[in-house]
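Architecture at a glance
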Amino acid sequence: MVTLAEAVVKGLAADRGLFMPEHIGKMPKAFFNNISSMSLQEMSFAVAYMLFGDDIDSDDLKHIVSDTLNFDIPLVKVDDQRYSLELFHGPTLAFKDVGARFMARLLGHFNRQNGEDRMVNVLVATSGDTGGAVANGFLNVPGVRVFVLYPSGKVSRIQEAQFTTLGNNITAIEVNGTFDDCQALVKSAFMDKELNSHMMLTSANSINVARFLPQMFYYFYAYAQLMKAGEDLNNIVVAVPSGNFGNITAGLIAKFMGLPVKRFIAANNRNDVVYNYLQTGVYTPKPSVATIANAMDVGDPSNFARILDLYHNSWEAIKAEISGFTYTDEQIAQTLADVYRQRGYLLDPHGAVAYRSLQEGLQPGEVGVMLETAHPAKFKSVVDSIIGEDIDIPQRLAAFMENPKQSVRMPSAFGPFKQYLLSKA
Ligand SMILES: *Cc1c(COP(=O)(O)O)cnc(C)c1O
C-alpha cells in the first residue's frame, strides 16, 4: 500500500501496475437526500473527501476541488429519453480538463508540502486532446514541468495550439513519428534507471489515479440534475464514449460508492477490443485503427485492467454491468447529422458514438445519459463536412491560435530524447 502522494507523484506502481484505491467507501444516505441542493463543487468535495480525506487536509482538498471545477457541467435534454452531459465547458473544451486540473493542483499541493526544491517532471504522450488538457491544467503550477510529446503533423491545428503556445513550464516535443512512438518514448523514459536517478518523472496519462478518479464527480452531478428534472432514478443508463476506458472506470467506481446507475454502456468506434471481450469473454489487444472519433483510437486500453480488478476478473459480473456497442465512421457521421437535423443538437464525433448506443440500447422506461466529452468545434473540419455548415469556433478556443507555436523537434529514437531530458535535469 502507498500513500496518495506517492501514487500521484509516481503514477505507476513499482511493478509497473496501476494504482487503485485500497478501499472504496459508500456515500451516506444523507448525501443522496441532499444532493439536489448541492452545487457541483460541494458534492464533488464530499466525494473527494470520501476518497482522499485521509491523505490531505480537508480545507486544502476543498480548495483544490473548487479551483478545478470553475466551470459548469450542464445536463441537456436532447429527446424524450436521452440527455447529454456536457463536459466541454472547461478551458480546453473537453472532459479531460477535469482530471488534468485536479491532478495538477494535487501534485502542486504535495510538492509544496514536501518543501522539496526538486522539480517534478510530467511526461505525457498525446494523440491530440490529452496534451491540451494536461498542459493547461499544469500551466504555471510551481515545482512542476510538463513535456508534451506529440506526433508531428498528426494532430489538428486547434489541438496543437492548445499545448504549443503556452511557454512557461510547458514544453511541446514534436516527434517525427506516430502516437505509438510518443508513448514508447515516455515508457522508455520511465524505465531508464539513469534518467530516473537524475530527475523525478511522473505520468499524466489516465493511468494516474489523480487524473481518473475526479472524473467521478460529474456522474454524481448528472444524477442530481436528473433528480431535479423528476426522472425515474431507478432506471438510469449511462453511455460513455470510450478509448482508454478511464472515464467509464470512474463511473463504475461511482456506482460502487452508491450512485444508483442501473447499468453502463461502453460505446466504441471501430476500435472494439473491449466490445469483443464483452461478447466472448476473451480480451485480445490489437493495433488501433484511425477513425473520425480519434480520441478513442485505442487498441489496448490501459484502464481495462482496472475494470478487471473491480469485478475480480469475472466476465459474468462485467457484462452484467456494462454492455458494448461499436460503430463505423459512416454510422457515427450519420448519427451526428441526424441528431443535428432532427433535434437541433450538435454532437461531436465522440458524443455521437455514445448517443447512437443509447438510441439502440435503451429499454422502454429507461432514461439515458450520454457523456458529451468534447465540444464539436474541436473537430471542426470533420463536423463541418458532415453537416455541410461552417460552425463557429468559441472565443476561448480561437484564443489559443493567436500565439506563436513553440516546439522542440525530436526523432522517434530514445537516445536523443534521453539526452534532451538529461540536459534539463
Ligand atoms: C479521451 C477522450 C475520450 C476517451 O476517454 P477514455 O477515458 O480514454 O475512455 C472520449 N472522447 C474524447 C473527446 C476524448 O478526448
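As a starting point, this report considers the structure included with it. (Residues numbered from 1 in each chain as written. Predicted model: local features only at pLDDT ≥ 70, side-chain atom pairs only at ≥ 80, totals over all residues. Heavy atoms only, no water.)

**As for the nonpolar core**
Heads up, the rule is: The term nonpolar core refers to a set of buried residues drawn from Ala, Val, Leu, Ile, Met, Phe, Trp, Tyr and Cys, joined through side-chain atoms within 4.5 Å. Throughout this description, buried means an accessible area under 20% of the type-specific maximum (1.4 Å probe, protein chains only), exposed means over 50%, and partly exposed covers the range between. A run of H or I in DSSP counts as a helix once it spans at least four residues, and a run of E counts as a strand once it spans at least two, with each numbered from the N terminus. Any two residues having at least one pair of non-hydrogen atoms within 4.5 Å are treated as being in contact.
Ile73, Phe138, Tyr219 and Phe220 are the most contacted members of the largest nonpolar core, which has 134 residues in total. It is helix 11 (residues 217-228) that contributes the most residues to this core, nine residues altogether. The residues touching Ile73, leaving out its near neighbours within four places in the chain, are Leu40, Leu85, Glu86, Leu87, Val98, Tyr218, Tyr221 and Gln225. Core analysis: the second largest hydrophobic core is formed by 19 residues, Leu149, Ile173, Phe190 and Phe417 among them.

**Comments concerning the sheet that holds strand 11 (residues 408-411)**
Counted only if it meets this: Should DSSP find at least two bridges between two strands, the strands are taken to pair. Between N-to-C directions, angles span 0 to 180 degrees; the directions come from axes that are lines fitted to C-alpha atoms, helices contributing only their stretch in contact.
The five strands lie next to each other as 6-3-4-5-11, forming an open sheet whose pairing is parallel. Either end of the sheet is taken by a strand with one partner, and the two such strands are strand 6 (200-203) and strand 11. Ignoring strand direction, the axes of neighbouring strands in this sheet form an average angle of 30 degrees. Across six bridges, strand 4 (residues 144-151) lies against strand 5 (residues 170-176) in parallel orientation. If you follow Val148 over to strand 5, its bridge partner there is Ala172. Strand contacts of helix 6 (residues 129-138): strand 3 (120-125), strand 4 and strand 5, with the helix running at about 165 degrees to strand 4, the strand carrying the most contacts.

**Regarding the sheet that holds strand 1 (residues 75-79)**
The strand order across the open sheet formed by six strands is 1-2-10-7-8-9, and the pairing between neighbours is mixed. In this open sheet, the two edge strands, each paired with only one partner strand, are strand 1 and strand 9 (322-326). In this sheet, neighbouring strand axes are inclined to one another by 25 degrees on average, regardless of whether the strands run parallel or antiparallel. One ladder, built from five bridges, connects strand 2 (residues 82-86) with strand 10 (residues 367-372); its direction is parallel. Bridge pairing in strand 10 places Glu86 opposite Glu372. Helix-sheet contacts for helix 12 (residues 246-256) involve strand 7 (236-241), strand 8 (263-268), strand 9 and strand 10, and the interaxial angle to strand 8 is about 175 degrees. Helix-sheet contacts for helix 13 (residues 273-280) involve strand 8 and strand 9, and the interaxial angle to strand 9 is about 130 degrees.

**Here we look at the site of the ligand**
How we decide: Proximity criterion: a residue is near a molecule or strand once any of its heavy atoms comes within 4 Å of it. Counting of polar contacts relies on pairs of N or O atoms within 3.5 Å, with two restrictions inside protein: one atom must be capable of donating a hydrogen and the other of accepting it, and residues adjacent in sequence are counted only when both atoms are side-chain atoms. What sets the accessible areas is the Shrake-Rupley method with a 1.4 Å probe; for residues, cover comes only from the shown protein chains. For this classification, the nonpolar set comprises Ala, Val, Leu, Ile, Met, Phe, Trp, Tyr, Cys and Pro, the charged set comprises Asp, Glu, Lys and Arg, and every other residue, Gly included, is treated as polar.
For the ligand, the set of nearby residues contains 15 residues, the closest of which are Lys96, Gly243, Asn244, Phe245 and Thr373. Within the side chain of Lys96, one N or O atom sits 2.4 Å away from an oxygen atom of the ligand. Here an oxygen atom of the ligand and a backbone polar atom of Gly246 are 3.2 Å apart. In the complex, 96% of the free accessible area of the ligand, which totals 390 Å², lies under the protein chains. Here the shell around the ligand is built from residues that sort into six nonpolar, seven polar and two charged.

All quantities given are derived from atomic positions and should not be read as evidence of function.
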